[in-house]
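What follows is the residue order along each chain.
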Amino acid sequence: MKARNGTEWVFLLKKVADQQDKDAFTELFEHFAPRVKAFLIKSGATQTMAEECAQDVMVTVWRKASQFDPARASVATWIFTIARNRRIDMLRRDRRPEPEELVWGPEEEPDQLDVLALQQESDLLSAAIASLPEKQRIMVERAYFGDLTHSEIAEQTGLPLGTIKSRIRLALDRLRHALS
Amino acid sequence: MITHHLSDRLLMAYSADMLPEAFSLAVAAHIELCDDCRARLASFDAIGGGLLEGISDAEGGGMGKDALAETLARLDTGEPANSAPAPRLGDSILPETLARYVGGGVNAVKWRGIGGGVKQAILPTSSAATARLLYIPAGAAVPDHGHSGTELTLVLQGAFADETACFKRGDIEIADEDMEHQPIAQPGLDCICLAVTDAPLKFRGVLPRLAQPFLRI
């Protein structure tokens, strides 16, 4: 299958949200379900458990598609956060309280230029992760997928997080402005 | 204006879901008050997304051959996701995530006096770490203590100062085991903060130490 970029995944997820488009969902499933499954296996789940949970995660993607905000996350990041929550239930880990979400009102559509910029920066970040030196990449991967204690997590990765942060900050400022 | 923020290390550990519940609670509560850390957290979540994207199709062995059909069959059943949101419990003092642990706003906190006008309420988290709300009258000192682990203190009302700096609403102090400090609530409003420890605090001086097992501080 042809590799998709961040903006294309956003487009497919929007079709799921707006039109309950099953072809778009199928494409998302074929790309992300095996990745979520691998993520859960790396976190200590069995094959059977991971397969089942990956399906649950994709059902959640379908149901919550309209809550996805493309000015603040890539589709991969959003699915990662859903899988992370599922992993807590599945592996009976400590609860993880979350900050209350800031949500777009029904009238508010995120700015298209913000969306495009965030998605492009997310693509760059993914590329930067892929090109990290092997040792460092494994370290980061173990921090997120494995069971490193937080003192072992690498502090310095040299990844371009600053640009994404500023972009998200801008989106949040606009959102706060729209809400006030 | 918040000047004391979460560290990269804490944000990354929270994003990767490697923190005990009590620490996650302090991180989440700070983020509700701080858009800057909310944006920084989103950038750490983006690493998780980048890593997920970077997994190859074959790595987890792929999905079973009926998996897609099974999932598609589930899409039209079940309840819609947009059920009514839970009622808000937070107020101008307690962020929503904290209010859920208290079961209401600041008036619902069940304080217990621990001497010197200082009051506390321990929140129901897993035993890996302890989260407590502290109420310190303006001008009063929290008993002098060191830590045997990390302590996070998030100010919710008023302000406190210790040897290092002054902390106001939304500020979070990260103290490690090398630090012995004596926070003093500043004049004005009584100080309310969330304090999280991953090990029992060590009090200096005999009396507080004797009291420690009873107070769970």
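For the structure itself, consult the block above.
Residues numbered from 1 in each chain as written. Chains lettered and ligands numbered in written order. Predicted model: local features only at pLDDT ≥ 70, side-chain atom pairs only at ≥ 80, totals over all residues. Heavy atoms only, no water.

S.K.: Any chance you could explain the overall build of chain B here in plain terms?
M.R.: Looking only at helices and strands, chain B has six helices and 12 strands in total. Within chain B, contacts between residues separated by at least 24 positions form 64% of all contacts whose residues are at least 6 apart in sequence. Within the structure as shown, chain B displays about 9,200 Å² of accessible surface, and the carbon and sulfur contribution to it stands at 56%. (Helix = DSSP H or I, 4+ residues; strand = E, 2+ residues; numbered from the N terminus. Contact = heavy atoms within 4.5 Å. Areas by Shrake-Rupley, 256 points an atom, 1.4 Å probe, with all protein chains shown as cover.)

S.K.: Which parts of the structure should I look at to understand the pairing of strand β3 (residues 130–136) of chain B?
M.R.: Within a regular beta strand, the side chains point alternately toward one face of the sheet and then the other, so they alternate between its two faces. All names here are of chain B. With respect to burial, β3 is a largely interior element, six of its seven residues being buried. Of the pairings in the sheet, the one linking strand β2 (residues 119–122) to β3 comprises four bridges and is antiparallel in character. Paired with lysine 119 across the strands is tyrosine 135, a residue of β3. As defined by bridge partners, β3 adjoins strand β11 (residues 191–197) across seven bridges and the pair is classed as antiparallel. Its bridge partner lying in β11, threonine 130 is registered against threonine 197. (Buried < 20%, exposed > 50% of the residue type's maximum accessible area, 1.4 Å probe, protein only. Pairing = 2+ DSSP bridges.)

S.K.: I tried to follow the packing of aromatic side chains on my own but got confused; where do I start?
M.R.: What characterises a pair of aromatic rings is the spacing of the ring centres plus the angle enclosed by the ring planes. All names here are of chain A. A full pass over the atoms with the stated rule returns eight aromatic pairs over all chains. Ring geometry for phenylalanine 25 versus tryptophan 62: centroids 5.5 Å apart, planes at 85°, classification edge-to-face. With phenylalanine 25 in helix α2 (residues 22–42) and tryptophan 62 in helix α3 (residues 47–64), the pair connects residues that are 37 residues apart, well separated along the chain. The residues phenylalanine 25 and tryptophan 62 share a single accessibility class, namely buried. (Phe/Tyr/Trp six-rings, centres within 6.5 Å; stacked < 30°, edge-to-face > 60°.)

S.K.: Explain the packing of helix α4 (residues 75–90) of chain A against helix α3 (residues 35–54) of chain B here, please?
M.R.: The geometry of a pair of packed helices is captured by two quantities: the angle between their axes and the separation between those axes. Taken N-terminus to C-terminus, the directions of α4(A) and α3(B) make an angle of 95°; their axes are 7 Å apart at the nearest point. Overall, the two elements α4(A) and α3(B) adopt an arrangement that is roughly perpendicular. Residues Ala76(A), Thr77(A), Ile79(A), Phe80(A), Thr81(A) and Arg84(A) of α4(A) form the contact with α3(B), whose participating residues are Asp45(B), Ala46(B), Gly48(B), Gly49(B), Leu52(B) and Glu53(B). Residue composition of the contact of α4(A) with α3(B), grouped by class: five nonpolar, four polar and three charged. (Axes fitted to C-alpha atoms, helices over the stretch in contact; angles between N-to-C directions. Parallel < 35°, antiparallel > 145°, perpendicular 65-115°, else oblique. Nonpolar A, V, L, I, M, F, W, Y, C, P; charged D, E, K, R; others polar.)

S.K.: What am I meant to see in the pairing of β11(B) here?
M.R.: Residue and element names in this part refer to chain B. Among the seven residues of β11, seven are classified as buried, and the element is accordingly described as predominantly covered. The alternating pattern of β11 places Cys191, Cys193, Ala195 and Thr197 on one face and Ile192, Leu194 and Val196 on the opposite face, and all of these are buried. Pairing between strand β5 (residues 151–157) and β11: six bridges, direction antiparallel. Opposite glutamate 151, over in β11, you have threonine 197 as the bridge partner.

S.K.: What is the right way to read the pattern of salt bridges from this model?
M.R.: Side chains bearing opposite charge may pair, as long as their charged atoms lie close to each other. Taken as a whole, this structure holds 20 salt bridges over all chains when the rule is applied. Of the charged contacts, one joins Lys37(A) and Glu51(A) as a salt bridge, the two residues approaching to 2.9 Å between their closest N and O atoms. Taken together, the residues span a long stretch of sequence, with Lys37(A) in helix α2 and Glu51(A) in helix α3 at a distance of 14 residues. For the pair Lys37(A) and Glu51(A), a shared accessibility class is recorded, and that class is buried. Each member of the salt-bridge network shares a partner with another, and the members are Asp56(A), Arg86(A), Asp89(A) and Arg74(B). (Salt bridge = Lys/Arg side-chain N within 4 Å of Asp/Glu carboxyl O.)

S.K.: Sorry, what's going on with the side chain of Glu21(B) here?
M.R.: Structurally, Glu21(B) is set in helix α2 (residues 21–33). Within the local environment of Glu21(B), its side chain forms a polar contact with the side chain of Tyr101(B), the two groups lying 2.6 Å apart. Not counting the four nearest positions on each side in its chain, Glu21(B) is found in contact with Asp94(A), Arg95(A), Pro97(A), Tyr101(B), Pro124(B), Thr125(B) and Ser126(B). (Polar contact = N/O pair within 3.5 Å; in protein donor to acceptor, adjacent residues only side chain to side chain.)

S.K.: Quick question: what am I supposed to make of the sheet that holds strand β10 (residues 184–185) of chain B here?
M.R.: By definition, the strands of a sheet pair up through backbone hydrogen bonds, in either a parallel or an antiparallel sense. All names here are of chain B. Pairing is antiparallel in the open sheet, where three strands are placed in the order β7-β6-β10. Among the strands making up the open sheet, the edge pair consists of β7 (166–168) and β10. Relative to β10, strand β6 (residues 159–161) is paired through two bridges, and the arrangement is antiparallel. When the sheet's bridge partners are listed, phenylalanine 160 is paired in β10 with alanine 185.

S.K.: Even after reading the chapter, I still don't get helix α5 (residues 112–130) of chain A, so can you show me in this structure?
M.R.: Side chains three or four residues apart in an α-helix point the same way, a direct result of the helix having 3.6 residues per turn. Residues and elements named next belong to chain A. With 19 residues, α5 ought to run about 27 Å at 1.5 Å a step, and its terminal C-alpha atoms sit 27 Å apart, in line with that. All buried positions along α5 are accounted for by Asp114, Val115, Ala117, Leu118, Gln119, Glu121, Ser122, Leu125 and Ile129. For α5, the N-terminal cap is aspartate 111; the gap from its side-chain oxygen to the backbone nitrogen of leucine 113 is 2.8 Å. (Expected span 1.5 Å × (residues − 1).)

S.K.: I'm lost on the state of the cysteines in this one. Help?
M.R.: In protein chemistry, a disulfide is the covalent bond that joins the sulfur atoms of two cysteines. Residue and element names in this part refer to chain B. Per the stated rule, a full pass over the model turns up zero disulfides over all chains. Its sulfur unpaired, cysteine 37 is 3.8 Å from the next cysteine sulfur, which belongs to cysteine 34. Here cysteine 37 falls in the buried class, since its relative accessible area comes to 0%. (Disulfide = S-S within 2.5 Å.)

S.K.: For this particular structure, what's the right way to read unusual backbone geometry?
M.R.: Residues apart from glycine generally show negative phi values, whereas peptide bonds are mostly found in trans. The phi dihedral of Gln20(A) falls on the positive side, at around 45°, and the residue is not glycine. Inspection of the secondary structure assignment puts Gln20(A) in the loop between α1 (6–19) and α2. Look at Gln20(A) and you get partly exposed, because its relative accessible area is 47%. Phi is positive for Asp17(B), which is not a glycine, with a value near 60°. Its place among the elements puts Asp17(B) in the loop between α1 (8–15) and α2. Judged by its relative accessible area of 4%, Asp17(B) falls in the buried class.

S.K.: What exactly am I supposed to notice about the environment of Arg74(B) here?
M.R.: Mapped onto the fold, Arg74(B) is located in helix α4 (residues 67–75). In contact with Arg74(B), not counting residues within four places along its chain, are Gln55(A), Asp56(A), Val59(A) and Arg63(A).

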